[in-house]
Amino acid sequence: MTRLSRIVLLAVSAGLLAMLVLPIWSIHLQAPQYPEGLGMHVWLGTVRGIGQHDLANINELNHYIGMKRIEPDTIAELRFMPLLVAGMAALGLLAGALGRRWLLYAWSVLFIAMAAAGLGDFYRWLYDYGHDLAPDAAIQVPGMVYTPPLIGSKTLLNFTAVSWPAAGGWIAIAAGAAAAYAVVHEMRVARRAAAA
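Residues numbered from 1 in each chain as written. Predicted model: local features only at pLDDT ≥ 70, side-chain atom pairs only at ≥ 80, totals over all residues. Heavy atoms only, no water.

## Looking at the packing of helix α4 (residues 101-131) against helix α5 (residues 167-195)
Line of reasoning, step 1. At their nearest, the axes of α4 and α5 sit 10 Å apart, and the two run at 145° to each other. α4 and α5 meet at a crossing whose hand is left-handed. Where α4 approaches α5, its residues Arg101, Leu104, Tyr105, Trp107, Ser108 and Phe111 are matched on the opposing element by Ala172, Ala175, Gly176, Ala179, Ala182, Val183, Glu186, Met187, Val189 and Ala190.
Line of reasoning, step 2. Among the residues making up the contact of α4 with α5, the classes are represented as 12 nonpolar, 2 polar and 2 charged. (Axes fitted to C-alpha atoms, helices over the stretch in contact; angles between N-to-C directions. Helix = DSSP H or I, 4+ residues; strand = E, 2+ residues; numbered from the N terminus. Left-handed = near helix turned anticlockwise from the far one by under 90°. Contact = heavy atoms within 4.5 Å. Nonpolar A, V, L, I, M, F, W, Y, C, P; charged D, E, K, R; others polar.)

Pasting the structure below:
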């Protein structure tokens, strides 16, 4: 592995550690009755309201439309996601220190697979919360589902839900892009060496 690729992999892996202390996703709700908005941050190990009472208010609103309460302690993924990301950071640091090209390739494939699985699971989580509604909810709109968008904005009754990566999510995106750059760089170096 070239020195450049090693530096990129070491920097990316160290950067992943920041995801342990930063939120990875943000969901904001805007409505006339909440002009300041409500919001929550998804962290690797928990879900928190952006404002002091935001999560409690979101849960109260969700109750009226039959959605389950958002209780971080009941979400299994939040227990092991910090360990997976810390493990990926450690593997990346090891691969960068050893400097083996195949370790860069293996780490990058594993990182992309984990990121795709994480996004898929997050979408499944959003879908479940928006579709699995209590049949005795106080507010029922036939055919209405309340799944917030994974990315972007969506109108849900009189609320606009906006969902984007937070600081930790942008770090993960940058890490994936930097790792892809290092892989392409290494493939070009290997191709040139083979042709020489």
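Now, onward.
## A look at the sheet that holds strand β5 (residues 159-165)
Line of reasoning, step 1. With antiparallel pairing, 5 strands are arranged side by side in an open sheet as β3-β2-β1-β5-β4. The sheet terminates laterally at β3 (47-49) and β4 (152-156), the two strands that pair on one side only. With direction set aside, neighbouring strand axes in the sheet form an average angle of 20°.
Line of reasoning, step 2. Bridge count for strand β1 (residues 25-31) against β5 is 6 bridges, and the pairing is antiparallel. (Pairing = 2+ DSSP bridges.)

## As for the side chain of Asp54
Line of reasoning, step 1. Tracing the sequence through the fold places Asp54 in helix α2 (residues 54-65).
Line of reasoning, step 2. Engagement of the side chain of Asp54 in a polar contact is seen with the backbone nitrogen of Gly39, the distance being 3.0 Å.
Line of reasoning, step 3. Not counting residues within four places of it along the chain, the set of residues in contact with Asp54 comprises Gly37, Leu38, Gly39 and Gly49. (Polar contact = N/O pair within 3.5 Å; in protein donor to acceptor, adjacent residues only side chain to side chain.)

## Looking at a nonpolar patch on the surface
Line of reasoning, step 1. A cluster of nonpolar side chains, contributed by Leu10, Leu17, Leu20, Val21 and Leu93, occupies part of the molecular surface with about 380 Å² of accessible area.
Line of reasoning, step 2. Counting through the fold element by element, Leu93 comes out in helix α3 (residues 77-98). (Patch = residues over 30% accessible without salt bridge, like charges linked within 9 Å, V, L, I, M, F, W, Y side chains within 5 Å. Areas by Shrake-Rupley, 256 points an atom, 1.4 Å probe, with all protein chains shown as cover. Salt bridge = Lys/Arg side-chain N within 4 Å of Asp/Glu carboxyl O.)

## Looking at the packing of helix α1 (residues 3-16) against α5
Line of reasoning, step 1. Running from N to C, α1 and α5 point in directions that differ by 165°, and their axes come no closer than 9 Å. When the axes of α1 and α5 are compared, the pair comes out roughly antiparallel. Between α1 and α5 lies a crossing of left-handed hand. On the side of α1, the interface is formed by Leu4, Ser5, Val8, Val12, Gly15 and Leu16, while α5 contributes Ile171, Ala175, Ala178, Ala179, Tyr181, Ala182, His185 and Glu186.
Line of reasoning, step 2. Among the residues making up the contact of α1 with α5, the classes are represented as 10 nonpolar, 3 polar and 1 charged. (Parallel < 35°, antiparallel > 145°, perpendicular 65-115°, else oblique.)

## Some remarks on the layout of surface pockets
Line of reasoning, step 1. Here the largest pocket defines a volume of roughly 760 Å³.
Line of reasoning, step 2. Taken together, 31 residues form the lining of the largest pocket, with Ile24, Met81, Ala115, Gly118 and Leu119 sitting closest to its centre.
Line of reasoning, step 3. Among the elements that take part in the lining of the largest pocket, α4 stands out by supplying 10 residues, more than any other.
Line of reasoning, step 4. In terms of residue class, the lining of the largest pocket is made up of 26 nonpolar, 3 polar and 2 charged.
Line of reasoning, step 5. Volume-wise, the second largest pocket comes out at about 400 Å³.
Line of reasoning, step 6. Along the walls of the second largest pocket sit 21 residues, with Leu29, Leu61, Asn62, Ile65 and Met67 positioned nearest its centre.
Line of reasoning, step 7. The set of elements that each furnish at least two residues to the lining of the second largest pocket consists of β1, α2 and α4.
Line of reasoning, step 8. Ranked by the residues each element gives to the lining of the second largest pocket, the list is headed by α2, at 5 residues.
Line of reasoning, step 9. Tallied by class, the residues present in the lining of the second largest pocket amount to 18 nonpolar, 3 polar and no charged. (1 Å grid on protein atoms, 1.4 Å probe; cavity = no way out; pocket = protein on both sides within 12 Å on 5 of 7 lines; lining within 4 Å. Points joined across faces, edges and corners; volume = space filled by probe spheres on them.)

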